[in-house]
Amino acid sequence: MNKNRVEFFAHLTISAVGIALVAVVFFKYLFVPILPFVIAWGAAFIIRPAAVFISKKLRLPRKTVSAALAIIGVSAFLVAAVGLIWYALSEAWQFLSGIAQDEGMFDILSVLTNPLGAIFGNGDGAQKLEEYLGETVRGAISHILNFLVSILTGIVKGIPSVAFFILITVIASVYFALDIDRINSTVRSILPPRAAEVLVGMKNSFFSVGLKYIRAYILLMIITFAVVLTGLLILKVDNALLISMVIAV
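Residues numbered from 1 in each chain as written. Predicted model: local features only at pLDDT ≥ 70, side-chain atom pairs only at ≥ 80, totals over all residues. Heavy atoms only, no water.

A. Representation of the overall build of the chain. Tallying secondary structure elements over the chain gives nine helices and zero strands in all. Helices and strands in the chain line up, N terminus first, as α-α-α-α-α-α-α-α-α. Classification of the 249 residues of the chain by burial places 22% in the buried group. Long-range pairs, those at least 24 residues apart, make up 64% of the contacts in the chain with a sequence separation of at least 6. Accessible surface, the chain: about 17500 Å² in total, of which carbon and sulfur atoms supply 74%. (Helix = DSSP H or I, 4+ residues; strand = E, 2+ residues; numbered from the N terminus. Buried < 20%, exposed > 50% of the residue type's maximum accessible area, 1.4 Å probe, protein only. Contact = heavy atoms within 4.5 Å. Areas by Shrake-Rupley, 256 points an atom, 1.4 Å probe, with all protein chains shown as cover.)

B. Spatial organisation of the pattern of salt bridges. Applying the stated criterion to the full structure yields two salt bridges. The shortest N-O distance in the salt bridge between Asp179 and Lys63 comes to 3.7 Å. Here Asp179 is found in the loop between α6 (159-178) and α7 (180-190), whereas its partner Lys63 is found in helix α2 (residues 62-101), with 116 residues between them in sequence. Across the pair Asp179 and Arg182 runs a salt bridge, and its minimum N-O distance is 3.3 Å. Overall, Arg182 belongs to the exposed group, its relative accessible area being 58%. One network of salt bridges, with partners in common, ties together Lys63, Asp179 and Arg182. (Salt bridge = Lys/Arg side-chain N within 4 Å of Asp/Glu carboxyl O.)

C. Local environment of the environment of Leu35. You can see Leu35 is positioned in helix α1 (residues 3-58). Take Leu35: its relative accessible area is 24%, and that puts it in the partly exposed class. The spacing of Leu35 and Phe165 is 130 residues in sequence and 9.1 Å in space, taken between C-alpha atoms.

D. Here's a closer look at the nonpolar core. In terms of nonpolar packing, the biggest core is built from eleven residues, these being Ala40, Ala44, Phe45, Ile47, Ala67, Ala70, Ala172, Val174, Phe176, Ala177 and Ile180. Every element with two or more residues in this core is listed here: α1, α2 and α6. Each residue touching Ile180, except ones within four places of it in the same chain, is listed here: Trp41, Ala44, Phe45 and Arg48. Of all hydrophobic cores here, the second largest spans six residues; its members include Ala88, Leu89, Leu148 and Met245. (Core = buried A, V, L, I, M, F, W, Y, C linked by side-chain atoms within 4.5 Å.)

E. Up close: α6. Spanning 20 residues, α6 covers 29 Å between terminal C-alpha atoms, matching the ideal 28 Å at 1.5 Å per step. All buried positions along α6 are accounted for by Ile166, Thr169, Val170, Ala172, Ser173, Val174, Phe176 and Ala177. (Expected span 1.5 Å × (residues − 1).)

F. Summary view of the side chain of Ser66. With respect to the helices, strands and loops of the structure, Ser66 is situated in helix α2. In contact with Ser66, not counting residues within four places along its chain, are Ile47, Ala51 and Ala177.

G. Representation of a nonpolar patch on the surface. Taken together, Tyr213, Ile214, Tyr217, Ile218, Leu220 and Ile222 make up a surface patch of nonpolar side chains, about 620 Å² in accessible area. Note on placement: Ile222 falls in helix α8 (residues 193-234). (Patch = residues over 30% accessible without salt bridge, like charges linked within 9 Å, V, L, I, M, F, W, Y side chains within 5 Å.)

H. Structural view of unusual backbone geometry. Of note in the backbone geometry, Arg59 takes a positive phi value of approximately 55° without being a glycine. Checked against the element boundaries, Arg59 lands in the loop between α1 and α2. Here Arg59 falls in the exposed class, since its relative accessible area comes to 78%.

I. Examining the confidence of the model for the chain more closely. Across the chain, pLDDT averages 75, with 76% of residues at or above 70. The secondary-structure element of the chain with the lowest mean pLDDT is helix α4 (residues 117-120), recorded at 49, while α6 shows the highest, at 82. (pLDDT = per-residue confidence, 0-100.)

J. Region of interest: the environment of Ala70. Here Ala70 lies in helix α2. We classify Ala70 as buried; its relative accessible area is 1%. Excluding residues that lie within four positions of it along the chain, Ala70 makes contacts with Ile47, Ser75, Ser173, Val174 and Ala177.

Structure follows, in structure tokens:
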């Protein structure tokens, strides 16, 4: 192996380790503190066209409209997201608890394993298989329920942190919405020309293609959710909303 190849692999290894360390540090220590400002910038960028349109139609100051939209939009989104997560976890808890207490599922296991008695020559093998499957299912449900308990407990304990996170995000969104043009100009002036061009290209690609892609998937999810929910409600299935959400996703 020549010197150039050794140097290449050395640089590659050092770069990979460096990137991994930076990623670990970022997601462990910096991701949560930075996230409110990332959400704020994204929200300010998204509401900017709506703010311009409303301010022209109603002849109101654009900054006032932007601040109002930022407060209403970001607050509603974050509160709805937290409420949806809490509802989904609660419904999952009830659903799994019902399965664990419902003997009907284990009757189904019995029906499925009975034909195996012919293979084993008697019912002992099928019965043992049924018992094993039943214990496995009960154990899996127990582990999932314990995991859900830990998540719900963490959410309850983290309510002050969640409220503080929402408050910081809303405040940051207002400030970003008021000066989004100046913030973008400042960022572009700080970055090297090539990096600024790449970021502008990525932004244009995202808004021209990415948003259409996301909008199409959201529309498909909404249609799927509505159809499945309607069918489950007609059939009077328990936990219809949770099941519809999972299928749609």
